[in-house]
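So the chains spell out like this:
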Amino acid sequence: MTSVPAGATPPRLSAIWAQARGGVIGLGGSMPWSVPADLAFFKSTTSGCPVIMGRNTWESFPERFRPLPGRTNIVVTGSLPTAADTIDGCAHHDGAIWTDSITKALSVASEAPRSGHDLWIIGGSRVYEQVLGLTNLPGVIGGRLTRAVVTELDVTVPGDRRAPELDSEWTMTELGSGVEVRGRAADSDGVLHPAHIAYRFLEYTR
Ligand SMILES: NC(=O)c1ccc[n+]([C@@H]2O[C@H](COP(=O)([O-])OP(=O)(O)OC[C@H]3O[C@@H](n4cnc5c(N)ncnc54)[C@H](OP(=O)(O)O)[C@@H]3O)[C@@H](O)[C@H]2O)c1
């Protein structure tokens, strides 16, 4: 990972998620769909930048896919998995940095190597909600979350986690769209079945 040189513009704090109809983002600890085009979009969008997530989102990734490669992975939890390092106050475990507060996670992310402009909040719903409400954050442009990249999936699936609501303060731009022909979507029992799923990549800024 190449680093942004010291003295460069401060990072932008951004969030990214995919949502089905009704704002569903998760079911039973994972996502009630499979859309390879969105996984590729997520990877290319976040690569090279720190990613911050809640402990449930970390656990939603299959062990062989975590930590997410090419990105500093920062996990927020109320119970650190190992003793905190005396230097940075974080636990270093399973290839990720574990912290017990979102503000500490943001501070660690600002110091982490990055090749792009963003610090990414990658979920889940508990973390999105909290970060949306934070203001006066040091070291990020505008002192708050100013960008959300949302994949809108035109599919109805059951869910127990939802995306945060973005109010009228946010302006939306469409970045692209397509149809995933290798998609799968959950039925009412949570079982995945093949499906063609139309999607739109949207960018919200404020
Ligand atoms: N569709 C998408 O794009 C997308 C993206 C991400 C996740 N998801 C889905 O969303 C679901 C997970 O979301 P979730 O809301 O259940 O959980 P989450 O936000 O990923 O994680 C919640 C956990 O994070 C820790 N945490 C959160 N805020 C904290 C704070 N201020 N201080 C300390 N610890 C804090 C706590 O961990 P401890 O319990 O360890 O204290 C808490 O239980 C899964 O179904 C996942 O697949 C979907």
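None of the values given here were measured: they were computed from a predicted structure. (Residues numbered from 1 in each chain as written. Predicted model: local features only at pLDDT ≥ 70, side-chain atom pairs only at ≥ 80, totals over all residues. Heavy atoms only, no water.)

Participant: So, the site of the ligand: which residues are in play, and what are the values?
Facilitator: Residues in close proximity to the ligand total 28 residues, the closest being Arg55, Thr57, Thr77, Gly78 and Arg161. Contact between the ligand and Ser30: an oxygen atom at 3.1 Å from a main-chain N or O atom of the residue. In isolation the ligand exposes 930 Å². Once the protein is present, 86% of that is buried. Taken atom by atom, the bulk of the ligand overlaps the largest pocket. Listed by contribution, the elements that provide at least two residues to the shell around the ligand are strand 1 (12-19), strand 2 (24-26), helix 2 (55-60) and helix 4 (125-132). In terms of residue count, helix 4 provides more of the shell around the ligand than any other element does, five residues in total. (Near = heavy atom within 4 Å. Polar contact = N/O pair within 3.5 Å; in protein donor to acceptor, adjacent residues only side chain to side chain. Areas by Shrake-Rupley, 256 points an atom, 1.4 Å probe, with all protein chains shown as cover. 1 Å grid on protein atoms, 1.4 Å probe; cavity = no way out; pocket = protein on both sides within 12 Å on 5 of 7 lines; lining within 4 Å. Sits in = over half its atoms within 2 Å of the grid points. Helix = DSSP H or I, 4+ residues; strand = E, 2+ residues; numbered from the N terminus.)

Participant: Hey, could you go over the sheet that holds strand 7 (residues 96-99) for me, with residue numbers and the actual values?
Facilitator: Sheet strands associate in pairs through backbone hydrogen bonding, adopting either a parallel or an antiparallel arrangement. Judged by pairing direction, the sheet is mixed, and its 10 strands sit side by side in the order 3-11-12-9-1-8-4-5-7-6 without closing on themselves. Every other strand in the sheet has two partners, leaving strand 3 (33-34) and strand 6 (91-93) as the edge strands with one partner each. As defined by bridge partners, strand 11 (residues 171-186) adjoins strand 12 (residues 192-205) across 13 bridges and the pair is classed as antiparallel. The partner of Glu180 across the bridge, within strand 12, is Ile197. On top of the sheet, helix 1 (residues 36-46) reaches strand 1, strand 3, strand 4 (51-54), strand 8 (118-121), strand 9 (145-153), strand 11 and strand 12; it is set at about 175° to strand 1, its chief contact. The strands that helix 4 touches are strand 1, strand 4, strand 8 and strand 9; relative to strand 1, the one it contacts most, it runs at about 140°. (Pairing = 2+ DSSP bridges. Contact = heavy atoms within 4.5 Å. Axes fitted to C-alpha atoms, helices over the stretch in contact; angles between N-to-C directions.)

Participant: Hey, could you go over the layout of surface pockets for me, with residue numbers and the actual values?
Facilitator: Approximately 1500 Å³ is the volume found for the largest pocket. Forming the boundary of the largest pocket are 49 residues, of which Met31, Thr57, Ser60, Phe61 and Ile122 lie nearest the centre. Within the residue set of the lining of the largest pocket, elements represented by two or more residues are strand 1, strand 2, strand 3, helix 1, helix 2 and helix 4. The element contributing the most residues to the lining of the largest pocket is helix 1, with six residues. Here the lining of the largest pocket is composed, by residue class, of 23 nonpolar, 16 polar and 10 charged. (Points joined across faces, edges and corners; volume = space filled by probe spheres on them. Nonpolar A, V, L, I, M, F, W, Y, C, P; charged D, E, K, R; others polar.)

Participant: Residue-level account of the environment of Gly190, with values.
Facilitator: Residue placement: Gly190 occurs in the loop between strand 11 and strand 12. Sequence separation between Gly190 and Val157 is 33 residues, and the spatial gap between their C-alpha atoms is 8.2 Å.

Participant: With reference to specific residues and values, describe the pattern of salt bridges.
Facilitator: The tally for this structure, following the rule as stated, stands at 11 salt bridges. The residue Arg147 makes a salt bridge to Asp118 at a minimum N-O spacing of 3.2 Å. Residue Arg147 is located in strand 9, and its partner Asp118 is located in strand 8; the two are separated by 29 residues in the primary sequence. Assessed through its relative accessible area of 11%, Arg147 is described here as buried. Taking relative accessible area as the criterion, Asp118 reaches 7% and is therefore assigned buried. Shared partners join several salt bridges into a network, and the residues in it are Arg12, Asp118, Arg147 and Glu203. (Salt bridge = Lys/Arg side-chain N within 4 Å of Asp/Glu carboxyl O. Buried < 20%, exposed > 50% of the residue type's maximum accessible area, 1.4 Å probe, protein only.)

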